[in-house]
Amino acid sequence: MRILVVEDEEAIADVIATKLRKEKYEVDICFEGEEGLYNSLSNIYDLIILDIMLPNMNGLEILKEIRDNDINAKVIMLTAKSELDDKLKGFEIGADDYVTKPFHIEELIARVNVQLRNKGNSKVKDILEYSDLALNIRTSTLTCVKTNESINIPYREFLLLEYFMNNKEQIISKEQIYDKVWGIETDFESNNLEAYLSFLRKKIKIIGSKVNIKAVRNLGYKMEE
Ligand code: CA
């Protein structure tokens, strides 16, 4: 799952990102408001950690924009003690939780985990299912329920497969895949998406599934039976 941290105090942002990465989340960081909004609107994040006091655009303005644009990522606001009014306003606009600065990093991580567990969609179910495939997101094990064969999926391929299984039978563009799996900072040329897809297709085939990830000319890729 991918998390965006919008926080202008670089030391704090780095502590948060480092800890979240240890918890196996994918993390992007923005140090100012406009970039934070721009990245939020890409709609690739499951959760956004949003500071209120930011250069160029404050966290409440960003929150309002992302909710106005129907981005349903979970949002945890970071607020200073003196910003109680902002906190209340944040809930009004659509924040899911807040953490008051200074905070213990463990507290923030715990709240992140709660939000993502509560997220009312398939992303936090232990098993993602499509056709004859079942992907255990805790163990990264892919099983074909027809043949009862299983295979372990390495990290990037797992992110790729998770994304397809959450968007089954929909066309996903290369750009969306790069943003989601490799992050917004990625250099498009540096990752060979086709190679990863072919590894993944082979694994799906090995366990005897009839599912395929098909290239759709000029548009992207689609998971189908
Ligand atoms: Ca700040």
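Since the model is a prediction, treat every value here as computed from it, not as a measurement.

How each quantity is defined
- Residues numbered from 1 in each chain as written.
- Predicted model: local features only at pLDDT ≥ 70, side-chain atom pairs only at ≥ 80, totals over all residues.
- Heavy atoms only, no water.
- Helix = DSSP H or I, 4+ residues; strand = E, 2+ residues; numbered from the N terminus.
- Pairing = 2+ DSSP bridges.
- Axes fitted to C-alpha atoms, helices over the stretch in contact; angles between N-to-C directions.
- Salt bridge = Lys/Arg side-chain N within 4 Å of Asp/Glu carboxyl O.
- Buried < 20%, exposed > 50% of the residue type's maximum accessible area, 1.4 Å probe, protein only.
- Contact = heavy atoms within 4.5 Å.
- Phe/Tyr/Trp six-rings, centres within 6.5 Å; stacked < 30°, edge-to-face > 60°.
- Donors = N, O, S within 2.8 Å, 3.2 Å for Na, K, Ca; no water.

Colleague: Would you take a moment to explain unusual backbone geometry for this structure?
Modeller: Among all residues except glycine, the phi angle is most often negative; among peptide bonds, the trans geometry is most common. Following K101, the chain continues into P102 via a peptide bond in cis, with omega recorded as -5°. Within the secondary structure, P102 sits in the loop between strand 5 (97–101) and helix 5 (105–118). One non-glycine residue, E169, lies in the positive phi region at around 60°. Note on placement: E169 falls in the loop between helix 6 (155–166) and strand 10 (171–172).

Colleague: What is the right way to read the sheet that holds strand 1 (residues 2–6) from this model?
Modeller: Consider a sheet: its strands pair through backbone hydrogen bonds, and that pairing is either parallel or antiparallel. Taken together, the 5 strands give an open sheet; going across it, the order is 2-1-3-4-5, and neighbouring strands pair in parallel fashion. Among the strands making up the open sheet, the edge pair consists of strand 2 (26–30) and strand 5. For this sheet the average axis-to-axis angle between neighbouring strands, irrespective of direction, equals 20°. Examined bridge by bridge, strand 4 (residues 74–80) and strand 5 share 5 bridges and lie parallel to one another.

Colleague: Got a minute to help me understand the pattern of salt bridges in this structure?
Modeller: A side chain of one charge can pair with a side chain of the opposite charge if their charged atoms are brought near each other. Counted by the stated rule, this structure contains 18 salt bridges. In this structure, E26 engages R156 in a salt bridge whose closest nitrogen and oxygen atoms are separated by 3.5 Å. You can see E26 sitting in strand 2 and its partner R156 sitting in helix 6, a full 130 residues away along the chain. Residue E26 is classed as buried on the basis of its relative accessible area of 11%. Notably, a salt bridge pairs K203 with E157, separated by 2.6 Å at the nearest N-O pair. Placement of the pair is K203 in helix 8 (residues 193–206) and E157 in helix 6, with a sequence separation of 46 residues. Three or more residues are tied together by salt bridges with common partners; here these are R2, E26, D28 and R156.

Colleague: I would appreciate a short explanation of the side chain of N113 in the present structure.
Modeller: Counting through the fold element by element, N113 comes out in helix 5. Sequence-distant contacts of N113, defined by excluding residues within four places in its chain, comprise E23 and Y25.

Colleague: Where do I start with the packing of aromatic side chains in this structure?
Modeller: Aromatic ring pairs are reported here in terms of the distance separating the ring centres and the angle at which the planes meet. Applying the stated criterion across every chain, the model contains 4 aromatic pairs. On the numbers, 5.3 Å between centres and 75° between planes, the contact of F91 with Y98 is edge-to-face. F91 sits in the partly exposed class, given a relative accessible area of 36%. Residues W182 and Y196 carry aromatic rings whose centres are separated by 5.2 Å and whose planes lie at 65° to one another, so their mutual orientation is edge-to-face. Taken together, the residues W182 in helix 7 (residues 174–182) and Y196 in helix 8 connect sequence positions 14 residues apart. These aromatic residues form a ring-pair network of at least three members: Y178, W182, Y196 and F199.

Colleague: Can you help me understand the environment of S173 in this one?
Modeller: Tracing the backbone shows S173 in the loop between strand 10 and helix 7. Considering only alpha carbons, one finds S173 and D70, 103 residues apart in sequence, at a separation of 20 Å. Those residues in contact with S173 that sit more than four places away from it in its chain are L219 and G220.

Colleague: Explanation requested: the pairing of strand 9 (residues 149–152) in the structure shown.
Modeller: Two faces belong to every sheet, and in a regular strand the side chains alternate between them. Pairing geometry for strand 8 (residues 141–144) and strand 9, over 4 bridges, is antiparallel. Within strand 9, the residue paired with L142 across the bridge is I151. Two successive antiparallel strands, strand 8 and strand 9, enclose a turn made up of 4 residues, where N148 displays a positive phi of approximately 65°.

Colleague: Even after reading the chapter, I still don't get the coordination of the calcium ion, so can you show me in this structure?
Modeller: When a metal holds four donors in a tetrahedron, each ideal angle between them is 109.5 degrees; when it holds six in an octahedron, the ideal angles are 90 or 180 degrees. Bound to the calcium ion on the protein side are D8 (OD), D51 (OD) and M53 (O), at distances that span 2.1 to 2.3 Å. Mapping the donors of the calcium ion onto the primary sequence gives the spacing D-x42-D-x1-M. With a gap of 43 residues between them, D8 in the loop between strand 1 and helix 1 (10–22) and D51 in strand 3 (residues 47–51) connect regions that are remote in the sequence. For D8, a relative accessible area of 28% corresponds to the partly exposed category. A relative accessible area of 3% places D51 in the buried class.

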